[in-house]
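Take a look at the letters that make up each chain.
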Amino acid sequence: MKVLFATSEAHPLAKTGGLADVSGALPAALREIGVDARVLMPGYPAAMAKAGKLLEIFRIKLPEHGETALLVGAFPDSGVPVYFIEHAGYYAREGLYQDNSGHDWPDNAMRFGLLSQFAALLAGPKTPLDFRPDVLHCNDWQTGLAPAYLHFESAAPTPTVFTVHNLSYQGIFPPEELKQLGLPQESFAIDGIEYYGNLSFLKAGLFYASHLTTVSPTYASEIQTETFGAGMHGLLAARSQDLTGILNGIDMREWNPATDPHLVAPYSAGNLAGKAAGKLALQTELGLQVDPGTPLLGMVSRLTTQKGSDVVIEAVPQLLRLGVQLAVLGGGEAGLEIAWRRLADAHPGRIAAVIGYNEGLAHRIEAGADVFLMPSRFEPCGLNQMYSQRYGTPPVVHKVGGLADTVTQATLGNLANGMATGFVLDRLDSESLVSAVNRAVILYRHKLAWQKLMRNGMARDFGWTKSAHQYLGVYKKISQT
Ligand code: ADP
Ligand code: GLC
């Protein structure tokens, strides 16, 4: 089975969120079960610099895009082959999707149109490579046009999987872009890529792909409803026979407290001393009062409405009354960044907020916090709640999407039978959040029960193998290979 995996970001080459983690780990897991999976992504200079010695495969001048080249390299750790589309005008910039004041790049339609076009070219009959994939696997709106290109190019197009990592990013552009993107006028229809008078890359993927997947079973059913469907629920419900929810895994090597190079001291379920040392080191690093007994709540996320950090902000006065500390790492919407900075200034020693992107600190918060907060409004899968369980940091989550599928509520019954791994809110508001944190703090004071809860999470297998087999099942079904 040969699979081309098209994506706009992949860890450790380029990352803004979980899509990169998945794109870095899933192709490697697929290769481990015998699939020849290769990645295609934009040639951001910083990404290409990390992919070893690059070989140029071809260079062409495209009428709509200008000079473009295809190069091949490999992921530094896994060795997975990666094809880069080199285009200085499109990809040699700092932000992947936005400038540093948070505005989308004005030419995103062309930037990701090119990615989609190359995905279709390399997967189709005219590929210049000696690698002709049985399946093209597309991810999120940035690759959504690829199934459309394949559809209009051939009567028997290469089968495609389109994975929805987040339905709220839709790649919507004015209809005038259609021509430049080289798609036929007939594609601009309700049964096509038209979306309320504009064109939508996401809808193109949802409409033209042979099979749809999303990153958790619960999100797969949620997105067929108006509440979570972001306007696409009708189409998704109509295609429900072709829609599968496959839970993300995590990279169990990279996120392993026993070998994590970002931590001051390694630890494991059998020896938790390193975790206590990590907490003190984190308190020191962030200027929090150094106190082993104060429960420390950690949060690492993009600061957007999705992640519910506004609810945490609203709850801060009551949370502080419970005697906890807060360590927050994130970047995103200006209003949320300012609010966190203000809270940290107002409560020195109790609240620390680091605004920006910091990989090492993300690991140290997962490890050094006692409780991890992830009260997302919606969450297609979510990786941080899995990292936190693996690091013995029970999460507080809202019962949606992948959070509902990966965290087991600390009820008395679940504590007794060893299933409990965290705290689950049925409703998202500051009152429910405070009450869940309160339950966590009470249990935290019962050292043995708390350690049991930590160890339950640490024992969970969140590895990729099971999901990789499920993807292989989908590939086989649509390609009859
Ligand atoms: P999403 O993809 O919606 O942002 P996920 O939980 O799936 O959410 O993945 C987020 C990933 O991005 C995790 O690997 C997390 O550690 C990382 N991350 C998010 N914000 C930051 C940040 N400010 N610094 C470092 N890593 C971050
Ligand atoms: C998205 C989602 C997140 C998911 C990630 C990887 O960014 O918001 O829930 O874990 O993609 O699939």
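Structure shown above.
Below you will find a few notes about this structure. (Residues numbered from 1 in each chain as written. Chains lettered and ligands numbered in written order. Predicted model: local features only at pLDDT ≥ 70, side-chain atom pairs only at ≥ 80, totals over all residues. Heavy atoms only, no water.)

**Focus: helix α7 (residues 201-208)**
α7 sits mainly inside the fold: 7 of its 8 residues count as buried. Along α7, the residues that are buried comprise Phe201, Leu202, Lys203, Ala204, Gly205, Leu206 and Tyr208. Measuring from the side-chain oxygen of the N-cap residue of α7 to the backbone nitrogen of leucine 202 gives 3.3 Å; that N-cap residue is serine 200. (Buried < 20%, exposed > 50% of the residue type's maximum accessible area, 1.4 Å probe, protein only. Helix = DSSP H or I, 4+ residues; strand = E, 2+ residues; numbered from the N terminus. Polar contact = N/O pair within 3.5 Å; in protein donor to acceptor, adjacent residues only side chain to side chain.)

**Focus: the sheet that holds strand β10 (residues 198-200)**
Read across the open sheet, the 3 strands follow the order β8-β10-β9; overall the sheet is antiparallel. Strands at the two margins of the open sheet, each flanked by one partner only, are β8 (172-173) and β9 (194-195). Here 2 bridges tie β8 to β10, and the two strands are oriented antiparallel to one another. Paired with isoleucine 172 across the bridge in β10 is serine 200. On top of the sheet, α7 reaches β8, β9 and β10; it is set at about 60° to β10, its chief contact. (Pairing = 2+ DSSP bridges. Contact = heavy atoms within 4.5 Å. Axes fitted to C-alpha atoms, helices over the stretch in contact; angles between N-to-C directions.)

**A word on the site of ligand 1**
Contacts to ligand 1 come from 21 residues, most closely from Gly18, Asp21, Arg302, Lys307 and Gly356. Within the backbone of asparagine 358, one N or O atom sits 3.0 Å away from a nitrogen atom of ligand 1. With respect to ligand 1, the backbone of leucine 383 contributes an N or O atom lying 2.9 Å from an oxygen atom. With the chains in place, 93% of the 570 Å² that ligand 1 exposes on its own is no longer accessible. Of the residues forming the shell around ligand 1, the biggest block, 3 residues, is contributed by strand β13 (residues 296-303). (Near = heavy atom within 4 Å. Areas by Shrake-Rupley, 256 points an atom, 1.4 Å probe, with all protein chains shown as cover.)

**What to know about the layout of surface pockets**
When its volume is computed, the second largest pocket comes out at roughly 580 Å³. Forming the boundary of the second largest pocket are 26 residues, of which Ala25, Ala28, Asp251, Met252 and Arg253 lie nearest the centre. Of all the secondary structure elements, the ones that give two or more residues to the lining of the second largest pocket are α1 (18-32) and α13 (359-368). Tallying contributions element by element places α1 first for the lining of the second largest pocket, with 6 residues. Inspection of the lining of the second largest pocket shows a minimum of three residues originating in each of domain 1 (2-249 + 464-479) and domain 2 (273-458). (1 Å grid on protein atoms, 1.4 Å probe; cavity = no way out; pocket = protein on both sides within 12 Å on 5 of 7 lines; lining within 4 Å. Points joined across faces, edges and corners; volume = space filled by probe spheres on them. Domains from an automatic or database assignment.)

**Things to note about the pairing of strand β6 (residues 135-139)**
Of all 5 residues that make up β6, 5 are buried, and the element is covered over most of its length. Going residue by residue along β6, you find Val135, His137 and Asn139 tucked away on one face and Leu136 and Cys138 tucked away on the opposite face as well. Across 4 bridges, the pairing between strand β1 (residues 2-6) and β6 is parallel. Along β6, the bridge assignment pairs leucine 4 with leucine 136. Bridge count for β6 against strand β7 (residues 160-164) is 4 bridges, and the pairing is parallel. Its bridge partner being in β7, asparagine 139 is matched across the sheet by threonine 163. Note that the unit made of β6, helix α5 (residues 145-153) and β7 has a crossover that is right-handed. (Right-handed = clockwise from strand over helix to strand, strands pointing away.)

**As for empty space enclosed by the protein**
In the structure shown here, the tally under the stated rule is 2 cavities of 30 Å³ or more. When its volume is computed, the largest cavity comes out at roughly 40 Å³. If you trace the largest cavity, you find it lined by Met299, Val300, Ser301, Lys307, Leu373, Met374 and Ser376. The dominant element in the lining of the largest cavity, judged by the number of residues it contributes, is β13, at 3 residues. The residue inventory of the lining of the largest cavity, partitioned by class, reads 4 nonpolar, 2 polar and 1 charged. Roughly 30 Å³ of volume is contained in the second largest cavity. (Nonpolar A, V, L, I, M, F, W, Y, C, P; charged D, E, K, R; others polar.)

**Some words on the packing of helix α17 (residues 430-444) against helix α18 (residues 447-459)**
At their nearest, the axes of α17 and α18 sit 7 Å apart, and the two run at 115° to each other. Side by side, α17 and α18 meet where Ala440, Leu443 and Tyr444 of the first sit next to Lys447, Ala449, Trp450 and Leu453 of the second.

**Topic: the site of ligand 2**
Looking at ligand 2, there are 14 residues lining it, with His165, Asn248, Glu379, Cys381 and Gly382 nearest. The separation between an oxygen atom of ligand 2 and a polar side-chain atom of glutamate 379 is 2.5 Å. Within the backbone of cysteine 381, one N or O atom sits 3.0 Å away from an oxygen atom of ligand 2. Considering only residue class, the shell around ligand 2 consists of 6 nonpolar, 6 polar and 2 charged.

**As for the packing of α1 against helix α19 (residues 465-479)**
Direction vectors running N to C along α1 and α19 enclose 75°, while the axes themselves pass 9 Å from each other. Accordingly, the angle class assigned to the pair α1 and α19 is roughly perpendicular. For the pair α1 and α19, the contacting residues are Leu26, Ala29 and Leu30 in the first and Ala468, Tyr471 and Tyr475 in the second. (Parallel < 35°, antiparallel > 145°, perpendicular 65-115°, else oblique.)

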